[in-house]
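Topology and contacts: notes
Here is how the chains run, residue by residue.
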Amino acid sequence: MANDWNEVRYDLDKSPNFIEICNSPWYSDADYEKFSLAEFQRRHKHAQQIMDRDGLDALILTGGLNIYSFGGAVTWATGLIDQRGLCQYVVLPKEGEPMLIYPHAGCHIEAARQMVGIRDVRGDQGGEYAKVISDYLKDHGVEEGRIGITAIDRIGPEYMGVKAYQDLVELLPKASLEFLPNLLHELTAIKSEEEIDAMTKAGELVIQALEALVAAARPGIHEYQLEAAGTHAILNSGGNVHLMMIGTTSMKDPRGVYPNPFPSQRVLQEGDIILNEMVATYKGYSAKIGHPITVGPPTEEVKTFFKEVVLGGFQALESQLMPGKTLEDVRKAASFFRRQGAQSLPIIMHGLDLITAMPFIYVDRVVALPGDENILPGKAYAIEISPVDSEGLLAMFMARTYVMTEEGKRNLTPFPMEEILVASG
Amino acid sequence: MTNDWNEVRHNLDNSTNFSSIYNSPYYTDAAYDKFTEGEYQRRYTHARRIMERDGLGALILTGGPNILCHADAVTWATGLIDARGMCQYAVFPKEGEPTLIYPHSGSHIEAARRMVSIRDVRSSEGGQYGKVIAVRLKELGLEEGRIGITQADRHGPEFMGIKVYQDLEKLLPKARFEFLPHLLHELTAIKSEEEIEAMAKAGALCVLALEALISVAKPGIREYQLAAAGSHAILNGGGRVHLMMIGSTSMNDPKMVFPNPFPSSRALQEGDIILNEIVAHFKGCYAKIGHPVTVGPPTDEVATFYKEVVLGGYRALEAQLLPGNTLEDVRKAGSYFREKGAQSRPIMVHGIELLTSLPFINTDRIRALPGDEIIQPGNTYSIEITPINPEGTFGMFLARTYVITQEGYRDLISYPLDELVVADI
């Protein structure tokens, strides 16, 4: 179905010529930082080993940019980072190369071919994702096989669009389609060196974002302008923004215990506190930071709460985040907050696939998959705490990101923790 | 299933308490620019007339953060602009209040309640969207009704997640679900005054983004840093970024005819041209700009191509974008490019719902719905042309956004068209 640019280059204004064009020189001077070919091969081989173990003939990898997926399995398998479509699709057969289906035709798909780390990128034939998927599966002789489908949204979980699924069932009546909510977790729980390097870069970017936010914070600025500053810092150094949650409230009459997912038009005033949770990604891999900032000097209450509750609690958790320890050891350390006469929001730590993922450690429970219980080298976590005063009114959010090593852990967001930040304005 | 904050405020670290909290003081000091109650009532009345006409008891409105849908019907009905989940859902009954189902619990859902303009915001109960939708439809006595489902992705088109759809079928076996790919188009084809003013604000933000891009464009700067500058300008002005497509290439040895959807690490050089397509939105309403920028003076070939082909072709199309004219009148004006010895990408003009939508006017065809054929006051369009040299190797992108008035049109992008922009190096 593809049109070689060399054959249609003089008639690009004919719609059928332009759709699904290939082999053009366009964007060949674009420059993308990619994982190595060996890294992509390692990932594909890992997935194919699991397919062999579980009797699967192919995977339909799904992805998309939402708060629960920064491209998901599609980014993992191909390097694509894009917003196109409710859901994106890659087919990875047990034997053979992965194939990305890209929905936007013409120049868009040519740009995508330059960006990704795989060779086979096909058009969606006008939204006919299932047709392209089924054709590929038939080419590989697995139209009657067991086909796994990864999750694209951990809430639900959700897997793919209803239209694509219904079309697949119709086109592949003898195939067995199986949802695999936890496959990406298994594939990414232990990070490679290249992945850790990408997370390290993401960590540098979130520190720059925090510094930009501090620099911009002064009375008269709107919350959304803090978001603008943090976003610029991450984009300007080559990363992407996954989360930029920023809220402000008065230290003396607080109306928020957690960063605002939707930074508003509220105007900063002297005596405010800024709560922030920022996640940058680099090559699809993430790091998180959060650190309270006051606009002008902190009140005595805020200063004391930070020192005695927030910092102490964070360090109590951090001390348990060691290889050989269990998630339960970390959970128990959160009793610190109650011992100090405070409380906290339930979540205190989570794992990272490409972004936030299992396991989730709460004050009162651990949500984990088999294999998650033990803290092992190569695993990555974000400690994120929101200690709250006993009245449920004043709180602070603090977060850092870690990768476990043989000896202990490495903080991927090495920004000083000991003091609350003060924006001088 | 909900927990009044006043009853649980001293035990927020209990996960069950926190997960479906409501009635807290959190984020009550946040400030959001919203459409008026009157505007929402106008929208609801419009939707209910269609439901009455078509015999629908309720709508499941869908939306989500992808490039083919900036949350769409969910944003249109509630004001929510968010990236949570592959797809977002709201229930809109023919009689009764709309209900937003919000996936993130705790502080997140409390923040969402401040942002939106509807009263009934319910938790997804851990991703059980189908269950919450079914409960609401049963409350409304519509468990055996005809339920329309809007589209969340115009490619496919796609409507919702397969998991949610399967759950709905199971929970409401007597309901009839109908996919409505074009409902949002019918609801938004003619814009209200409030919507036009929001689009005008988005247009002003696009201009700020272009100016920011020009101000940083100099040798050594990377494409992604241009995207950072443009994104910052839009966010700093209180808008959101929908598209920031920026590519650069040599004027003497071009490798691009259209902006790059994925701004790369390529470093600018003197003698480059920057192609850009920038879309901002404000309160969910959209405007687009695109204007070529040269790094240093344009070559004679580039200057001539702009003046004689790009600008002339643009003016020819713009002259036809008048109330009472047909889309075919506009299409025919696209012959200008061939008359000048050039060609172009097929797409020349498209409509706007909340963002890019039908009708699409290509050089060789029109894709439109019944009712789209004649240009009417309140319709909105983007002219976006990409004239290309006859060899297919060099192109320029130029775009503006218009609302049709009784007398003619209003350009929502007040930025001079007549000259190429030269970045001062």
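This is a predicted model, so every value here is computed, not measured.

Cut-off values and rules
Residues numbered from 1 in each chain as written. Chains lettered and ligands numbered in written order. Predicted model: local features only at pLDDT ≥ 70, side-chain atom pairs only at ≥ 80, totals over all residues. Helix = DSSP H or I, 4+ residues; strand = E, 2+ residues; numbered from the N terminus. Rg over C-alpha atoms; globule rule 2.2 N^0.38 Å. Buried ≥ 20, exposed ≤ 12 C-beta atoms within 10 Å, placed from the backbone. Contact = placed C-beta atoms within 7 Å. Axes fitted to C-alpha atoms, helices over the stretch in contact; angles between N-to-C directions. Left-handed = near helix turned anticlockwise from the far one by under 90°. Nonpolar A, V, L, I, M, F, W, Y, C, P; charged D, E, K, R; others polar. Parallel < 35°, antiparallel > 145°, perpendicular 65-115°, else oblique. Domains from an automatic or database assignment. Expected span 1.5 Å × (residues − 1). Core = buried A, V, L, I, M, F, W, Y, C linked by C-beta atoms within 7 Å. Pairing = 2+ DSSP bridges. pLDDT = per-residue confidence, 0-100.

Moving on, we get to the overall build of chain A. Each helix and strand in chain A was counted, giving 13 helices and 23 strands. In terms of overall dimensions, chain A is globule-like: its C-alpha atoms have a radius of gyration of 23 Å, near the 22 Å expected for 425 residues. Residues classed as buried in chain A amount to 60% of the 425 residues present.

To continue, consider the overall build of chain B. Along its length, chain B carries 13 helices and 23 strands. By the compact-globule yardstick of 22 Å for 425 residues, chain B fits well, its C-alpha radius of gyration being 24 Å. Scored against the burial criterion, the 425 residues of chain B give a buried share of 60%. The long-range fraction of contacts in chain B, counting pairs at least 24 apart against all pairs at least 6 apart in sequence, stands at 66%.

We now examine the packing of helix α9 (residues 193-216) of chain A against helix α10 (residues 223-236) of chain A. Residue and element names in this part refer to chain A. Two elements in contact, α9 and α10, have axes whose closest approach is 8 Å; the angle formed by their N-to-C orientations is 145°. Two packed elements cross with a definite hand, and for α9 against α10 that hand is right-handed. The residues of α10 that touch α9, namely those facing Leu-205, Gln-208, Ala-209, Ala-212, Leu-213 and Ala-216, are Gln-225, Leu-226, Ala-229, Gly-230, His-232, Ala-233 and Ile-234. Residue composition of the contact of α9 with α10, by class: nine nonpolar, four polar and no charged.

A few words on the packing of α10 of chain A against helix α10 (residues 223-236) of chain B. The contact between α10 of chain A and α10 of chain B brings their axes to 9 Å, and the two run at 175°. By the angle class used here, α10 of chain A and α10 of chain B are roughly antiparallel. Residues Tyr-224, Gln-225, Glu-227, Ala-228, Thr-231, His-232, Leu-235 and Asn-236 of chain A of α10 of chain A lie in contact with α10 of chain B, whose contacting residues are Tyr-224, Gln-225, Ala-227, Ala-228, Ser-231, His-232, Leu-235 and Asn-236 of chain B.

Here we take up the domain arrangement of chain B. Reports of interface size often rely on the accessible area that becomes lost once the parts have come together. Residue and element names in this part refer to chain B. Taken domain by domain, chain B holds domain 1 (3-188) and domain 2 (193-423). Computed over C-alpha atoms only, the centres of domain 1 and domain 2 are separated by 33 Å. Listed by partner, the interface residues are 15 residues for domain 1 and 12 residues for domain 2. Of the residues in the side of domain 1 that touches domain 2, the class split is five nonpolar, six polar and four charged.

All names here are of chain A. Compared with an ideal rise of 1.5 Å per residue, which puts 14 residues at 20 Å, α10 spans 20 Å between its outermost C-alpha atoms and is within 8% of the ideal. Among the 14 residues that make up α10, 14 are buried, leaving the element largely enclosed by the rest of the structure. Count one or two residues on from α10 and you reach Gly-238, which has phi positive near 95°.

Right, let's talk about the nonpolar core for a bit. The biggest cluster of nonpolar side chains holds 285 residues, and the ones touching the most others in it are Ile-133, Val-206, Ala-280 and Leu-317 of chain A together with Cys-206, Ala-209 and Ala-280 of chain B. In this structure, Ala-209 of chain B is in contact with Gly-230, Ala-233, Ile-234, Ile-278 and Ala-280 of chain B, ignoring residues within four places of it in sequence.

Attention now moves to the pairing of strand β12 (residues 272-282) of chain A. Consecutive side chains along a regular strand alternate between the two faces of the sheet. Residue and element names in this part refer to chain A. Most of β12 sits out of view: 11 of its 11 residues are buried. Every second residue of β12 is oriented toward a common face, with Asp-272, Ile-274, Asn-276, Met-278, Ala-280 and Tyr-282 on one face and Ile-273, Leu-275, Glu-277, Val-279 and Thr-281 on the other, all of them buried. Relative to strand β14 (residues 293-295), β12 runs antiparallel, the two sharing two bridges. If you follow Ile-274 over to β14, its bridge partner there is Ile-293. The pairing of β12 with strand β13 (residues 285-289) spans five bridges and is antiparallel.

Taken together, the contacts link 86 residues of chain B with 84 residues of chain A. In terms of residues, the side of chain B that touches chain A owes the most to one element, α10 of chain B, which gives eight residues. Looking at the side of chain B that touches chain A, its residues break down into 39 nonpolar, 32 polar and 15 charged.

Once that is clear, we can look at the domain arrangement of chain A. Residues and elements named next belong to chain A. Assigned domains of chain A: these are domain 1 (3-187) and domain 2 (193-423). Counting residues at the interface gives 12 residues for domain 1 and 14 residues for domain 2. Residue assignment for the side of domain 1 that touches domain 2 shows that the elements contributing at least two residues are α4 (72-78) and α8 (183-188). Of the residues that constitute the side of domain 1 that touches domain 2, the class distribution is five nonpolar, five polar and two charged.

In this section: α10 of chain B. All names here are of chain B. Helix length check: α10, at 14 residues, gives a terminal C-alpha distance of 20 Å against a target of 20 Å (1.5 Å per residue), a fit within 8%. The element α10 is extensively covered by neighbouring structure, given that 14 of its 14 residues are classed as buried. Trailing α10 by a residue or two, Gly-238 shows a phi angle of about 90°, which is positive.

Here we come to the confidence of the model for chain B. Scored by pLDDT, chain B comes out at a mean of 96, with 99% of its residues at no less than 70. Scored as a whole, the predicted complex attains pTM 0.98, and scored at its interfaces, ipTM 0.97.

Let us look at the sheet that holds strand β21 (residues 398-404) of chain A. Backbone hydrogen bonds are what pair the strands of a sheet, in a parallel or an antiparallel way. Residues and elements named next belong to chain A. With antiparallel pairing, the six strands of this open sheet are ordered in space as β18-β17-β16-β19-β21-β22. Each edge of the open sheet carries a strand with a single partner, namely β18 (366-367) and β22 (409-411). Where strand β16 (residues 347-352) lies against strand β19 (residues 380-385), three bridges are found, and the strand directions are antiparallel. The residue bridging Met-349 from the neighbouring strand is Ile-383, located in β19. Contacts between helix α11 (residues 300-320) and the sheet are confined to β16, β19 and β21, with β19 contributing the most and set at about 155° to the helix.

Cis geometry is found at the peptide bond from Gly-156 of chain A to Pro-157 of chain A, where omega equals -15°. In this fold, Pro-157 of chain A is placed in the loop between β9 (146-150) and α7 (162-171). Look at the link from Gly-156 of chain B to Pro-157 of chain B: it is a cis peptide, with omega at -15°. With respect to the helices and strands, Pro-157 of chain B occurs in the loop between β9 (146-150) and α7 (162-171). One non-glycine residue with positive phi stands out, namely Lys-283 of chain A, at about 55°. On the neighbour-count criterion, Lys-283 of chain A (24 C-beta atoms within 10 Å) is buried. Phi angles above zero are rare outside glycine, and Asn-23 of chain B is one such case at about 65°.

It is worth spelling out the pairing of strand β10 (residues 176-180) of chain B at this point. Relative to β10 of chain B, β9 of chain B runs parallel, the two being bridged by five bridges. Considered in β10 of chain B, the bridge of Thr-150 of chain B is made with Leu-180 of chain B.

On to the environment of Ser-24 of chain A, then. All names here are of chain A. In this structure, Ser-24 sits in the loop between β2 (21-22) and α3 (37-54). By C-beta crowding, Ser-24 is classed as buried, having 24 other C-beta atoms within 10 Å. Sequence-wise, Ser-24 and Cys-107 are 83 residues apart; in three dimensions their C-alpha atoms are separated by 9.0 Å. Look past the residues within four positions of Ser-24 in its chain and what remains in contact with it is Trp-5 and Glu-110.

Attention now moves to the sheet that holds strand β3 (residues 58-63) of chain A. Residues and elements named next belong to chain A. Across the sheet, six strands lie side by side as β8-β7-β6-β3-β9-β10; this open sheet has mixed pairing. For this open sheet the edge positions go to β8 (120-123) and β10 (176-180), each flanked by a neighbour on one side alone. Adjacent strand axes in the sheet meet at a mean angle of 25°, parallel and antiparallel pairs treated alike. Looking at chain direction, strand β6 (residues 88-93) and strand β7 (residues 99-102) are connected through three bridges and run antiparallel. Residue Tyr-89 lies in a different strand from β7, and its bridge partner there is Ile-101. Docked against the sheet, helix α5 (residues 107-115) engages β7 and β8, running at close to 165° with respect to β8.

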